[in-house]
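Each chain, written out:
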Amino acid sequence: MRVGDTIIAVAARGAAGRGRALIRLSGPDAFASARGILETKLPARRSIAPCRITVSVPAGAVALPGILALFPAPASYTGEDVLELQLPANRTLVERIMAALTAHDGVRLAGPGEFTARAFLHGRLDAQQAEGVGAMIAARSTDELSAARDLLDGRTGEQFRTMLNDAVELLALVEAGIDFTDQEDVVAIAPDELSSRLEHVLSAINQYMCGTEGRKAPTEQLRAVLVGPPNAGKSTLFNALLGRERAVTSEHAGTTRDALIEPLPDDAGVPGWQSVGIDLIDLAGFDEKKSPSVLDVGAQRIAREHIARASIIIQCDPNGRFEALKNTDQHAITIRVRTKADLPSDGGAADALGVCALDGWHLEALREAIHDAAIAWLKTIQGDTDGPIVLARHARALEAAREALSQAHTWAREEKYDPALMAMTLRTAVNALGEIGGRISPDDILGRIFSTFCVGK
């Protein structure tokens, strides 16, 4: 990654003709490059003000109104000179302004995450906060957004640093007993005290990881698939749950050929719905009695692939008769729905939820059932959903540290243990915690030793 030059990107792009676009520059030439397209004189200090942006067009040049934000270094997001232009979200307009700005020597298009990388390199963010920016962008639920906000605010990093400092202090105490045994004022840490303090560190890690497994952030949206025979009303129900016409519906069977995927709306009216990100998927129907065409074979292959990866299976049948599904995920939760419940039925499964997608009868009950199934699925996969979400990289580091500290705790409870082996195990824990709480060098360990004892009076 090159530094020292000026980077530029479209940081936000609104709806054409209605929204606003945001162009952001960061680097030593951020201000100089913008002077060529601004009628407005750049202020000398941090400010946000209206401006006039000159744009070249075939007929000459026009001046358009915009908003200019100026953030001189080092008091900016990246720690460099930062300039932002807010303007109408017209694609041609944005492209012409970007071309004019990148024509300036030393200005280039930014790579993915490069603004945040520069913020990290200039000390505006630490590693955890930088991760928090990425996690906030990728968040698909309020739980993930909350975890990202804790990272960005530094609360998570503070927890990690506390765990790391506790482990480092124990390592220093054990190594002091090894390296400075000839000093009268140096007393190695007693096994009982070492055991007690190891329990404290382990308790902090276990509490953060919600017990034994931790609660890892999902790698993708939860998947709720609509499954059933052709013409079972799946597409009509799909549209009703989305609140808009997304799938083509017809009285003729086999209308759906591909998998239609849409996120369920956050304003579905169910308390807590927005805490779970769910993709709703409409699939082609299965008809074992019919001789499948080439299109049918392809459509059903796609359907089976989605069913195998589904978290929630919404099995639809207007008659309430549900066949056993094959090749589903072992944790998948099935909701049986008797579609077209406005029509007479001769019985069927007693546990099926009758729903009419046309008039909305029991639609809210189905939404609640999907929500409850999502929570149940998360509990099965992640454990207690009341605890914090642990990012995958953090979970790996914490698990490695926990394993090493557990081994050290076992040895500390024995009457005799090898101090050198104990130090090596604690060093493993410190290195693991250092991946998320900050690296610790051998000099740091020595510093802890000399600050704790009066070595060599």
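Further up the page is the structure itself.
Described below are features of the structure shown in this document. (Residues numbered from 1 in each chain as written. Predicted model: local features only at pLDDT ≥ 70, side-chain atom pairs only at ≥ 80, totals over all residues. Heavy atoms only, no water.)

1. Structural notes on the nonpolar core
Next up, step 1: Ile205, Leu398 and Leu426 are the most contacted members of the largest nonpolar core, which totals 35 residues.
Next up, step 2: The set of elements that each furnish at least two residues to this core consists of α6 (155-179), α7 (191-208), α11 (392-412) and α12 (419-437).
Next up, step 3: Those residues within four positions of Ile205 in sequence are excluded, and the remaining contacts are Met163, Leu398, Ala401, Arg402, Leu405 and Leu433.
Next up, step 4: Judged by nonpolar contacts, the second largest core, of 27 residues, contains Leu242, Leu264, Ile278 and Ile314. (Core = buried A, V, L, I, M, F, W, Y, C linked by side-chain atoms within 4.5 Å. Buried < 20%, exposed > 50% of the residue type's maximum accessible area, 1.4 Å probe, protein only. Helix = DSSP H or I, 4+ residues; strand = E, 2+ residues; numbered from the N terminus. Contact = heavy atoms within 4.5 Å.)

2. Structural notes on the pattern of salt bridges
Should the charged atoms of two oppositely charged side chains come close, the side chains can pair.
Next up, step 1: Tallying each qualifying case throughout the model produces 15 salt bridges.
Next up, step 2: One salt bridge in this structure joins Glu169 and Arg197, with 2.8 Å as the shortest N-O distance. Note that Glu169 is positioned in helix α6 and Arg197 in helix α7, a separation of 28 residues in sequence.
Next up, step 3: Glu262 is the salt-bridge partner of Arg246, the closest N and O atoms lying 2.7 Å from each other. One end of the pair, Arg246, is in the loop between α8 (234-242) and β8 (260-263); the other, Glu262, is in strand β8, and 16 residues separate them in sequence.
Next up, step 4: A relative accessible area of 15% means that Glu262 is categorised as buried.
Next up, step 5: Connected via shared salt-bridge partners are Asp5, Glu80, Arg108, Glu114 and Arg118. (Salt bridge = Lys/Arg side-chain N within 4 Å of Asp/Glu carboxyl O.)

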